[in-house]
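These are the residues of each chain, in order.
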Amino acid sequence: MTWTKEQEREARKQTAKVKEAVECLFDKAEDDGIDPRLTASNVLWAAQHKIYQLANSNEHAEQIITNMAKQISETMQAMEVLFSDDEKKEIH
């Protein structure tokens, strides 16, 4: 699928809004005394559930989730190389 420049720009704006909403969710949960690890795991569960709802098939959903997991793993591996142990503790 090829996007126009306008579609790409709009997707970036919407992505920024989603990221901000998720950060607000984490802040609110923490303010309410909820462990951030519990919040994170539940956000991942909800995202996985939503991907299955929106995907064309279970196979399509599994492919999306597998690709996302691979990207996350690659990013984490890159961070291992780039950051010292002290810096990694701050990120996690």
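Calculation criteria
- Residues numbered from 1 in each chain as written.
- Predicted model: local features only at pLDDT ≥ 70, side-chain atom pairs only at ≥ 80, totals over all residues.
- Heavy atoms only, no water.
- Axes fitted to C-alpha atoms, helices over the stretch in contact; angles between N-to-C directions.
- Helix = DSSP H or I, 4+ residues; strand = E, 2+ residues; numbered from the N terminus.
- Parallel < 35°, antiparallel > 145°, perpendicular 65-115°, else oblique.
- Left-handed = near helix turned anticlockwise from the far one by under 90°.
- Contact = heavy atoms within 4.5 Å.
- Salt bridge = Lys/Arg side-chain N within 4 Å of Asp/Glu carboxyl O.
- pLDDT = per-residue confidence, 0-100.
- Nonpolar A, V, L, I, M, F, W, Y, C, P; charged D, E, K, R; others polar.

Student: A description of the packing of helix 1 (residues 5–31) against helix 2 (residues 36–54) should follow, citing residues and the corresponding values.
Tutor: Packed helix pairs are characterised by how far apart their axes lie and by the angle those axes make with each other. Their axes nearest at 9 Å, the elements helix 1 and helix 2 cross at an angle of 140°. For the element pair helix 1 / helix 2, the angle class is oblique. The hand of the helix 1/helix 2 crossing is right-handed. Counting all contacts with helix 1, which are made through Leu25, Phe26 and Ala29, the residues of helix 2 involved are Pro36, Thr39, Ala40 and Val43.

Student: Give me the pattern of salt bridges: which residues, what numbers.
Tutor: Side chains that differ in sign of charge can pair as their charged atoms come close. Evaluation of the coordinates by the stated rule reveals 3 salt bridges. One salt bridge connects Asp32 with Lys28, and the closest N-O pair in it is separated by 2.7 Å. Arg37 is the salt-bridge partner of Asp35, the closest N and O atoms lying 2.7 Å from each other.

Student: Go over the confidence of the model for the protein with me, naming the residues and quoting the values.
Tutor: The share of residues in the protein with pLDDT of 70 or more is 89%, and the mean pLDDT across the chain is 89. At the level of individual helices and strands, the protein shows its lowest average pLDDT in helix 4 (residues 85–91), which scores 57, and its highest in helix 1, which scores 96.

Student: Now, about the packing of helix 2 against helix 3 (residues 58–82): what can you tell me, with residues and values included?
Tutor: Between helix 2 and helix 3, whose axes approach to 8 Å, the crossing angle comes to 140°. Between helix 2 and helix 3, the angle is such that the two are oblique. Between helix 2 and helix 3 the crossing geometry is right-handed. Residues Gln48, Ile51 and Tyr52 of helix 2 touch helix 3, and the partners they reach there are Asn58, Ala61, Glu62, Ile64, Ile65 and Met68. Classifying every residue of the contact of helix 2 with helix 3 gives 6 nonpolar, 2 polar and 1 charged.

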